[in-house]
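Chain by chain, the residues run as shown.
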Amino acid sequence: MTASGVRRFLARLVNALRPGWAEPDLAREVAAHVTMIEDDYVRRGLTREEASLAARRAFGGVEQAKDRQRDARSFVWLDDARRDLQYAVRSLRRTPGFAIVAVATLAVGIGATTAIFSVVHAVLLRPLPFPHADQIVELYENVPAAESPVHRPQRVRGIDIRELIELRSRARSFSRVASFNLALVSPIGSTDTALLSGDSVSDGTFDMLGTPPLLGRWFSRAEEGPGGDRVIVLSEATWRRYFNGDRDALGRTITFTGNSAFVGAIALGEAYTVVGVMPRGFQYPGETAQFWVPLALKAPSDSRTHRLPMMARLADGVSAETAVAEVTAILHDVRGDVASAKGRASAPPRFELAHVSDELTAPVKPALIVLTVAVAFVLLIACANVANLLLARTAARQHEIAVRIAIGAGYWRLIRQALTESVLLALLGGGAGIALAFGGVGAFRALAANLSRYDLQGAGVAFPRLDAVGIDASALAFALFVSTATGLLFGLAPALRRAGADRTEALRGSTASEGRGGRSVQRTLVAAQIAIATLLFIGGGLLMRSFAKLASIDPGYDAAHALTFQVALRGDRYHAARVEEFAAALADRLRSAPGVQAAGYARQLPFVILQDSFALRSTPDRPKDAAAPPPVDARFVSRGYLTAMGIRVIAGRGFEDGDRVSHPRAMVINHTLARRDFAGENPVGRLVYTGPDPAPWEIIGVVDDVRQFGLDRAPTPQFFADLTQWPARMTPDVYLFPIGPYFVVRTRTDQAAVIASALRLARQLDAEAAIYNVATMEDIASNSMTLPRLYAALLGMFAAVAVGLAAIGIYGMMAYSVTQRTREIGIRMALGASRRAVLGLVLRQSTVLTAIGLAAGLAGAAGTTRYLQSLLFGLTPYDPSTFLVVSLAFVGVAMLASYVPARRAMRVDPLVALRHE
């Protein structure tokens, strides 16, 4: 384009956007042309008055000429759009009530949709913050029931460390193979009551992930190998927590204490030099990593299995299927056993490679999909509501529209003008919705931040990628797209209705000009709202009832007033016998502390993902030809544990002081085990055998079932053994207390005072002891239900919004219908119809619409609620009571929404109504 062409383009653009800017010049130019023609006529002998008239006739009309010049000097389509926008703004300003209701309705729908999109985009759609993140995989082994220690199929993460070393050297399908191990420690000198969760990572891990550090560097090759320097890389949060975000933290040291068997390469009591800080949000390879130290992979000296996670990056051009085939061949060769790979065709493959992103988001993906569908339904209901408002508004403006058609407005011009108004409403609603989305995302993050479960490590498991959730450019672009799309969606029917208006009827001022078509569209939209709201109402009702059932489950113990914590000793003092002696002494002292009713300790607590399984036998040795007895969940506890936990003894007794030296040893079983193995008999006093030890155990009592692995999981056969009597060779020393004993204290006094007393007593026994993981059993049980609570609350909230919008839609349509039928109602009442008959007339119309929408919603729910199966507890997706209660509640809401317009119809004055037209 030439320079003159650019100038003309810019001038036309300015004229389109600022039409008044060139008006004075255009007026002077037109006036000059008319004056020149007028002067020419004067020279021909006409008078000035005659010349002026002749000049205007010859010029062809001043205003028409100006319009032609404006079109030539501007962009016609842009100018028309500007005029349509100005008209839409004036129209909305004349009806502020309509504009406020429409914008508020759309703000709710668009805001909720944008908030959920920001969560879904951050968690499910956005790739992990690594180069070519889709090539990063983890190895899982599907262990069949025959080889599983719990006698059921298991999907186990990682492989034995010896196999991992072999795989690193032989596999060609991976460009990098790395591993990591959990580290749970506490910085020496810290007053925190929670451990730091970190990863010791093998060489090449950071190279494989490819994320550059915020400060400093990664580990060097020398540091990653055996005998390397003790160095550490911190997460951004840990750097700020312990070094206040000081950039001079590099080169400073940090020393850890702890007693975890999973510490791996962590040297407790040794100083680690800080060499780097990772950027905010980086939490890999562990989901909750707060620091990283080098892990030198070497084969262990003993023969036990040491399983480690395996993470790898696929080589360029290599598929996951090809890599799985190579891994299978190598590992079966290492194990010298290929028979385990054979089996039924329906059995899962022995090994599988899962993308890291899929494994990270798997726990929350089904629920997020359900919430996405739910919020889309809420948006559709909002669109239907505004479409109904616009249809009613179009009917009220029929006379104005007919006049516009009569003076030359075209079909497409009317449609474009109507769509401009609807898109403007949607954009205003989108702007308000973005503000709501900011608040919604903040509330979601606050709720999701409370997600935690008391697992093997005692660490909180965060909602995946929560740091990435926020209103960013993608969310804003999505909000703009949704706003524009919804504006076109809900504005299309009113636009077509406006363009198809009957000008003759409208000019006569007849309300019949609306016709049956407009009312039928409105009824269809209201019925659709009812159907969608019913579907959401049922889904929300199912999740809320499911959560209520889960919360009402008896866990098998008295969680009230039960306080738990763990105690860490210095690593150089950690040994099973040393810790057992320390734990027993501390428990004895705690029982004498003020306000303490009972105290005990155990190897694990309910909801701790740590399971020991041993089979019970009736004879010391199992006959070789006999089938293996099923495993039993084993719990190793102190004598005061059952009382401190409030576990109810239903037969026999609990542990006593004399049990420590008794023979046979003492064991307590749960009700499920008693029912399974001693049906119809009293198990108290019976002798059983377990593990390789030939010594007998006496069942001294039966306790209530305890839901150890979650309120949503049925109790399993279980026994409690006095851990002071449990042979050390059956539970190796290093694994007796993986991260220290769990203490339980039953108290009704101030918990902070009890913890202070516990710390004082612990430090009387060991001056460097530290207390961490302080929690009540009520909190632990509540935390186990955080995800169901979150999903029930969100879907329940969306269902409530949907029902509210549907009720507003019913009210609006019935109010408009009463207004349109005012003359008909007046005639009926003038002819003798009673007020009760008029009330029935209006309510019947609402009842029919509600029945149609409710039937469609129930049918839709019957076909879709099966997708909620994985989120429900104690309910089927077709729970009849939920369907019935929701139906009755919705009928009540619909009748209430219809009653106000119906009462207005009852009060119509026949004389006023007959003057309506």
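Residues numbered from 1 in each chain as written. Predicted model: local features only at pLDDT ≥ 70, side-chain atom pairs only at ≥ 80, totals over all residues. Heavy atoms only, no water.

**Quick look at the overall build of the protein**
(1) Moving on: On a plain count of helices and strands, the protein comes out with 29 helices and 24 strands.
(2) Moving on: Every one of the 917 residues in the protein was classed for burial, and the buried ones make up 50%.
(3) Moving on: In the protein, once contacts between residues fewer than 6 apart in sequence are set aside, the share between residues at least 24 apart is 81%.
(4) Moving on: For the protein, the accessible area works out to roughly 41300 Å², and carbon and sulfur atoms hold 58% of it. (Helix = DSSP H or I, 4+ residues; strand = E, 2+ residues; numbered from the N terminus. Buried < 20%, exposed > 50% of the residue type's maximum accessible area, 1.4 Å probe, protein only. Contact = heavy atoms within 4.5 Å. Areas by Shrake-Rupley, 256 points an atom, 1.4 Å probe, with all protein chains shown as cover.)

**Considering the pairing of strand β16 (residues 612–617)**
(1) Moving on: For β16 and strand β17 (residues 631–637), the ladder comprises four bridges, and the chain directions are antiparallel. Across the sheet, the residue bridging to S613 is D633, located in β17.
(2) Moving on: When β16 meets strand β20 (residues 687–690), the two strands line up antiparallel, connected through two bridges. Within the sheet, the bridge partner assigned to L616 lies in β20 and is T690. (Pairing = 2+ DSSP bridges.)

**A few points about the packing of helix α27 (residues 835–864) against helix α28 (residues 880–906)**
(1) Moving on: α28 packs onto α27 with a crossing angle of 150° between their chain directions and a minimal axis gap of 9 Å. One finds that α27 runs roughly antiparallel with respect to α28. Considering the relative orientation of α27 and α28, their crossing is right-handed. Mapping the contact onto sequence places R835, V838, L839, V842, L843, S846, T847, T850, L854, L858, A861 and A862 in α27 and F883, S887, F890, V891, A894, M895, S898, Y899, A902, R903, A905 and M906 in α28.
(2) Moving on: Classifying every residue of the contact of α27 with α28 by side-chain character gives 17 nonpolar, five polar and two charged. (Axes fitted to C-alpha atoms, helices over the stretch in contact; angles between N-to-C directions. Parallel < 35°, antiparallel > 145°, perpendicular 65-115°, else oblique. Left-handed = near helix turned anticlockwise from the far one by under 90°. Nonpolar A, V, L, I, M, F, W, Y, C, P; charged D, E, K, R; others polar.)

**Side note on empty space enclosed by the protein**
(1) Moving on: One pass over the full model with this rule turns up four cavities of 30 Å³ or more.
(2) Moving on: In this structure, the second largest cavity spans a volume of roughly 50 Å³.
(3) Moving on: In terms of lining, the second largest cavity is formed by V706, R707, Q708, F709, G710, R713, A714, P715, T716 and Q718.
(4) Moving on: Split into classes, the residues belonging to the lining of the second largest cavity amount to four nonpolar, four polar and two charged. (1 Å grid on protein atoms, 1.4 Å probe; cavity = no way out; pocket = protein on both sides within 12 Å on 5 of 7 lines; lining within 4 Å. Points joined across faces, edges and corners; volume = space filled by probe spheres on them.)

**Comments concerning helix α7 (residues 161–170)**
(1) Moving on: Three or more residues of α7 are buried, namely I161, E163, L164 and L167. Seen from one end, α7 has its buried residues packed into an arc of 150°, which puts them on one side. (Arc of directions from axis to C-beta.)

**Section: the packing of aromatic side chains**
(1) Moving on: For the coordinates displayed, the defined rule picks out 13 aromatic pairs.
(2) Moving on: Taking the centre distance of 6.3 Å and the plane angle of 35° together, the rings of F206 and F282 count as tilted. Of this pair, F206 sits in helix α8 (residues 205–209) while F282 sits in the loop between β9 (271–277) and β10 (291–294), and the two are 76 residues apart along the sequence. Here the two residues F206 and F282 agree in accessibility, since each one is buried.
(3) Moving on: Where F565 meets F743, the ring centres are 5.4 Å apart and the plane angle is 10°; that geometry is what we call stacked. Within this pair, whereas F565 is found in strand β14 (residues 562–568), its partner F743 is found in strand β23 (residues 742–747), the two being separated by 178 residues in sequence.
(4) Moving on: Judged by relative accessible area, which is 0%, F565 ranks as buried.
(5) Moving on: Here the aromatic cluster, defined as three or more aromatic residues joined through ring pairs, consists of F130, F206, W218, F219, F282, Y284 and W292.
(6) Moving on: Directly above the ring of Y140 sits R155, whose terminal nitrogen or CZ lies 3.9 Å from the centroid. (Phe/Tyr/Trp six-rings, centres within 6.5 Å; stacked < 30°, edge-to-face > 60°. Lys NZ or Arg CZ within 6 Å of the ring centre and 35° of its normal.)

**Focus on helix α11 (residues 320–335)**
(1) Moving on: Between its first and last C-alpha atoms α11 spans 22 Å; for 16 residues at 1.5 Å apiece the expected length is 22 Å, and the two agree.
(2) Moving on: Those residues of α11 that sit buried are A320, A323, V324, E326, V327, T328, I330, L331 and H332.
(3) Moving on: A positive phi of about 70° marks G336, the residue just after α11. (Expected span 1.5 Å × (residues − 1).)

**Some thoughts on the pattern of salt bridges**
(1) Moving on: Tallied over the full model, the rule gives 28 salt bridges.
(2) Moving on: Between R335 and E141 there is a salt bridge whose closest N-O contact spans 2.8 Å. Taken together, the residues R335 in helix α11 and E141 in strand β1 (residues 136–143) connect sequence positions 194 residues apart.
(3) Moving on: Between R635 and D633 there is a salt bridge; the shortest N-O distance is 3.1 Å. (Salt bridge = Lys/Arg side-chain N within 4 Å of Asp/Glu carboxyl O.)

**Examining the nonpolar core**
(1) Moving on: With 73 residues, the main nonpolar core has L368, F444, F463, Y791 and F798 as its most contacted residues.
(2) Moving on: Among the elements of the structure, α6 (96–125), α13 (365–396), α15 (411–448), α18 (515–551), α25 (786–820), α26 (822–830), α27 and α28 are those that each provide at least two residues to this core.
(3) Moving on: For this core, the element with the most residues is α25, which contributes 16 residues.
(4) Moving on: Residue contacts for L368: discarding those within four places in its chain leaves V119, V120, V123, L124 and F463.
(5) Moving on: Membership of the second largest hydrophobic core comes to 43 residues, among which are F614, V632, I699 and F719. (Core = buried A, V, L, I, M, F, W, Y, C linked by side-chain atoms within 4.5 Å.)

**Quick word on the confidence of the model for the protein**
(1) Moving on: Mean pLDDT over the protein stands at 79; residues scoring 70 or higher make up 79%.
(2) Moving on: Within the protein, helix α20 (residues 641–645) carries the highest mean pLDDT (94), whereas helix α17 (residues 503–508) carries the lowest (48).
(3) Moving on: Confidence drops under pLDDT 50 across residues 338–346; counting only partners more than four residues distant or on other chains, this segment forms five contacts.
(4) Moving on: This model gives residues 505–516 a pLDDT under 50, and the stretch forms 21 contacts once residues within four places in sequence are excluded. (pLDDT = per-residue confidence, 0-100.)

**Quick word on unusual backbone geometry**
(1) Moving on: Unlike most non-glycine residues, H132 shows phi in positive territory, near 50°.
(2) Moving on: The exposure class assigned to H132 is exposed, which follows from its relative accessible area of 58%.
(3) Moving on: Even without being glycine, H561 reaches a positive phi, approximately 70°.
(4) Moving on: Within the secondary structure, H561 sits in the loop between α18 and β14.
(5) Moving on: Since its relative accessible area comes to 33%, H561 is described here as partly exposed.

**Side note on the packing of α7 against α11**
(1) Moving on: For the pair α7 and α11, interaxial distance at closest approach is 10 Å and the crossing angle is 130°. Judged by the inter-axis angle, α7 sits oblique to α11. Viewed along their axes, α7 and α11 form a crossing whose handedness is right-handed. From α7, E163, E166, L167 and R170 reach across to α11, where they touch E326, V327, I330, L331, D333, V334 and R335.
(2) Moving on: Residues that form the contact of α7 with α11 fall into these classes: five nonpolar, no polar and six charged.

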